[in-house]
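Each chain, letter by letter, is given below.
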Amino acid sequence: LSFNLVFLSHRLFLKSFLTPPHQSLAEWDEKLKERKIAGLSAADAHIHVQGLGMNVERYLMQFQSNTLYALAPELSESAIFEAIAKGRSFMALEAFGLARGFSFEAVGHRMVFSMGEEVPLSEALLLEVHIPEVAEIRLIHDAHVIERMKGKRFTHLVDDRGSYRVEVYKNERLWIISNPIYVT
């Protein structure tokens, strides 16, 4: 740990050692080709960093590193657990910014489908992404990045079955990870 990191704000300190889970995401993408799997994330509140003979352990900082947003219809334990189990959720590394306002939906058949849901393929099926700040949005279909763009809104016309999910990068750092929408 460098001398400078000890005196940084908790957000800058956290950014200095967060590494994106590329291997875990790749393994998840491979498994998504076979079956539906909801993605989860959690903070490890046992990070111990030594610097200048001091043990730096800021629990608030660690819990800000990783947020799981559950898209539940109500604020009850059962509704939240059901949303997480069905993949109606997304993950954010909020050291890079708050993710409130993120959405990833499929629009078609005069209906709106959320993450974790199955959607029948149709000629006019659109995937729509909205993010709270300008960043790079990457659309991933069956383990491959098929489109990327920088902005706050993104729309893609779906032409193939499979799992679709989104990764958002802010200043080239992974910020938001969606759960998939399954096109059947």
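Here the structure is a predicted model, which means the values were calculated and not measured.

Analysis parameters
- Residues numbered from 1 in each chain as written.
- Predicted model: local features only at pLDDT ≥ 70, side-chain atom pairs only at ≥ 80, totals over all residues.
- Heavy atoms only, no water.
- Buried < 20%, exposed > 50% of the residue type's maximum accessible area, 1.4 Å probe, protein only.
- Helix = DSSP H or I, 4+ residues; strand = E, 2+ residues; numbered from the N terminus.
- Arc of directions from axis to C-beta.
- Contact = heavy atoms within 4.5 Å.
- Core = buried A, V, L, I, M, F, W, Y, C linked by side-chain atoms within 4.5 Å.
- pLDDT = per-residue confidence, 0-100.

(A) Spotlight on helix α3 (residues 22–32). Buried within α3 we find L25, W28, D29 and L32. Considered in projection along α3, the buried side chains sweep an arc of 100° and stay on one side of the axis. On its buried face, α3 sits against β4 (89–92), β8 (126–141), β10 (162–170), β11 (173–178) and β12 (181–183).

(B) Representation of the nonpolar core within the structure. In terms of nonpolar packing, the biggest core is built from 35 residues, with F102, F104, L127, V129, V166, V168 and I176 touching the most fellow members. Looking at this core, the elements with two or more residues in it are α3, β4, β5 (103–108), β8, β10, β11 and β12. Among the elements that take part in this core, β8 stands out by supplying six residues, more than any other. Excluding residues that lie within four positions of it along the chain, I176 makes contacts with F90, M91, A92, A99, F102, V166, E167 and V168.

(C) Layout of the confidence of the model for the chain. For the chain, per-residue confidence averages 84 on the pLDDT scale, and 77% of positions sit at 70 or higher. Confidence scores differ between elements of the chain, with helix α1 (residues 3–6) showing the lowest mean pLDDT of 39 and β8 the highest of 98. Residue range residues 1–10 is modelled with pLDDT below 50. Its contacts to residues more than four positions away, or to other chains, number 18 contacts.

(D) Summary view of unusual backbone geometry. In this model, A143 sits at a positive phi of 80°, which is unusual for a non-glycine residue. As for its placement among the helices and strands, A143 is situated in the loop between β8 and β9 (144–157). In the Ramachandran plot, N171 falls in the positive-phi region, its phi being about 55° despite a non-glycine side chain. Inspection of the secondary structure assignment puts N171 in the loop between β10 and β11.

(E) Representation of the environment of W28 within the structure. Within the secondary structure layout, W28 lies in helix α3. Since its relative accessible area comes to 11%, W28 is described here as buried. Residues W28 and A38, spaced 10 residues apart in sequence, show a C-alpha to C-alpha distance of 9.2 Å. Apart from residues lying up to four places away in sequence, W28 is in contact with I37, A38, G39, M91, R165, I177, S178, N179 and P180.

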